[in-house]
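Now for the letters of each chain:
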Amino acid sequence: MVWLNSSHWECIYTNKAENEVSWFQENPILSLELIAQVGATPASAIIDKGGGASRLVDNLIDRGFEDVTVLDLSEAALEAAKARLGGRAAQVHWIVADATVWEPLKAYDVWHDRAAFHFLVEDHDRAAYVARLERALKVGGYAIIATFALDGPERCSGLPVVRYDPVSLGQTLGRAFQLVDTRRHAHATPWGSDQSFQFSVFRRRS
Ligand SMILES: C[S@@+](CC[C@H](N)C(=O)[O-])C[C@H]1O[C@@H](n2cnc3c(N)ncnc32)[C@H](O)[C@@H]1O
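Definitions and cut-offs
- Residues numbered from 1 in each chain as written.
- Predicted model: local features only at pLDDT ≥ 70, side-chain atom pairs only at ≥ 80, totals over all residues.
- Heavy atoms only, no water.
- Salt bridge = Lys/Arg side-chain N within 4 Å of Asp/Glu carboxyl O.
- Helix = DSSP H or I, 4+ residues; strand = E, 2+ residues; numbered from the N terminus.
- Buried < 20%, exposed > 50% of the residue type's maximum accessible area, 1.4 Å probe, protein only.
- Core = buried A, V, L, I, M, F, W, Y, C linked by side-chain atoms within 4.5 Å.
- Contact = heavy atoms within 4.5 Å.
- Near = heavy atom within 4 Å.
- Polar contact = N/O pair within 3.5 Å; in protein donor to acceptor, adjacent residues only side chain to side chain.
- Pairing = 2+ DSSP bridges.
- Axes fitted to C-alpha atoms, helices over the stretch in contact; angles between N-to-C directions.

K.L.:
Can you walk me through the pattern of salt bridges in this structure?
P.N.:
Pairs can form between side chains of opposite charge once their charged atoms are near each other. In this structure the tally under the stated criterion is 15 salt bridges. As a salt-bridge pair, Arg-84 and Asp-58 come within 2.6 Å of each other at their nearest N and O atoms. Residue Arg-84 is located in helix α4 (residues 75-85), and its partner Asp-58 is located in helix α3 (residues 56-62); the two are separated by 26 residues in the primary sequence. We classify Arg-84 as partly exposed; its relative accessible area is 28%. Residue Asp-109 pairs with Lys-138 through a salt bridge whose shortest N-O separation is 3.1 Å. Taken as a pair, Asp-109 in strand β4 (residues 108-114) and Lys-138 in strand β5 (residues 137-148) lie far apart in primary sequence, 29 residues in all. Of the residues examined, Lys-138 reaches a relative accessible area of 35% and is grouped as partly exposed. Within the structure, one salt-bridge network assembled from shared partners comprises Glu-18, Glu-26, Arg-55, Asp-58 and Arg-84.

Printed below as a string of structure tokens:
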């Protein structure tokens, strides 16, 4: 199953340009706003889980962040981001891994996930993700998790997703995570349709 999932994403990032995928964002404004809101500084360790070829990493480097990690199942996605960044790519930690089996080697201050967690449709995969979140996020650190909202699409990229509101997402993450903020967001795809997202911010309390 992992192999099938991996080849699905590899195929997409190999065959489509950055702005030919529905999740493309020219500027990840809300993610940056929430990262600033949780008090992240250039010294904060930030991981973008399922970051793909997102431009969030470019923006973090531009703002002086010195400890940025991007993890994704697809090597082609990370290669696209590296090519765009050129020499600046060397400032980033790149990890090709499945978020449900990855073994974190350090703890982060901020965990960001836009439109990756919602692809985990099996209980055991969600539990594996949360176990890694618990290990890889410092106590007092923040998880910013964006998924399709309850009125968002039921599928993305040909795959089923689980849609959330802040309450159901909080229940999925468990008692170690306290909801501190949530926003609704209408993402405009490159072809002009809107997709309803929720962005929720959780503080790890224990
Ligand atoms: C819809 S894209 C979003 C990419 C990026 N977060 C963004 O906002 O542009 C979903 C991403 O999740 C990645 N992904 C899917 N399942 C994954 C898994 N189990 N582990 C790590 N990455 C995964 C895909 O390769 C893809 O890059």
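K.L.:
Help me understand the nonpolar core, please; the structure alone is not making it clear to me.
P.N.:
Nonpolar side chains in soluble globular proteins tend to be buried together. Counting 40 residues, the largest nonpolar core has Ile-35 and Leu-60 as its most contacted members. For this core, the secondary-structure elements that each account for two or more residues are α1 (2-15), α2 (29-37), α3, β2 (67-72), α4, β5 and β9 (194-204). Beyond its immediate sequence surroundings of up to four residues, Ile-35 is in contact with Ala-40, Ile-46, Leu-56, Leu-60, Phe-65, Val-110 and Ile-144. One finds Ala-45, Ile-47, Phe-117 and Phe-177 within the second-largest nonpolar core, a separate group that totals 23 residues.

K.L.:
Which parts of the structure should I look at to understand the site of the ligand?
P.N.:
In the neighbourhood of the ligand, 18 residues make up the surrounding shell, with Tyr-13, Gly-50, Asp-72, Ala-99 and Arg-114 lying closest. Take Asp-72: an N or O atom from its side chain is 2.6 Å from an oxygen atom of the ligand. The backbone of Leu-73 places a nitrogen or oxygen atom 3.2 Å from a nitrogen atom of the ligand. Counting residues per element, the ones that place at least two in the shell around the ligand are α1 and β2.

K.L.:
Looking at this model, I keep getting lost on the sheet that holds β5. Mind explaining?
P.N.:
Hydrogen bonds between backbone atoms are what pair the strands of a sheet, whose relative direction is either parallel or antiparallel. With respect to topology, seven strands assemble into an open sheet ordered β3-β2-β1-β4-β5-β9-β8, the strand pairing being mixed. The open sheet is flanked by β3 (92-96) and β8 (177-188), the only strands paired with a single partner. Direction aside, the axes of adjacent strands within the sheet are offset by 15° on average. Relative to β9, β5 is paired through seven bridges, and the arrangement is antiparallel. For Ile-144, the partnering residue across the bridge sits in β9 and is Val-201. Docked against the sheet, α4 engages β2 and β3, running at close to 160° with respect to β3.

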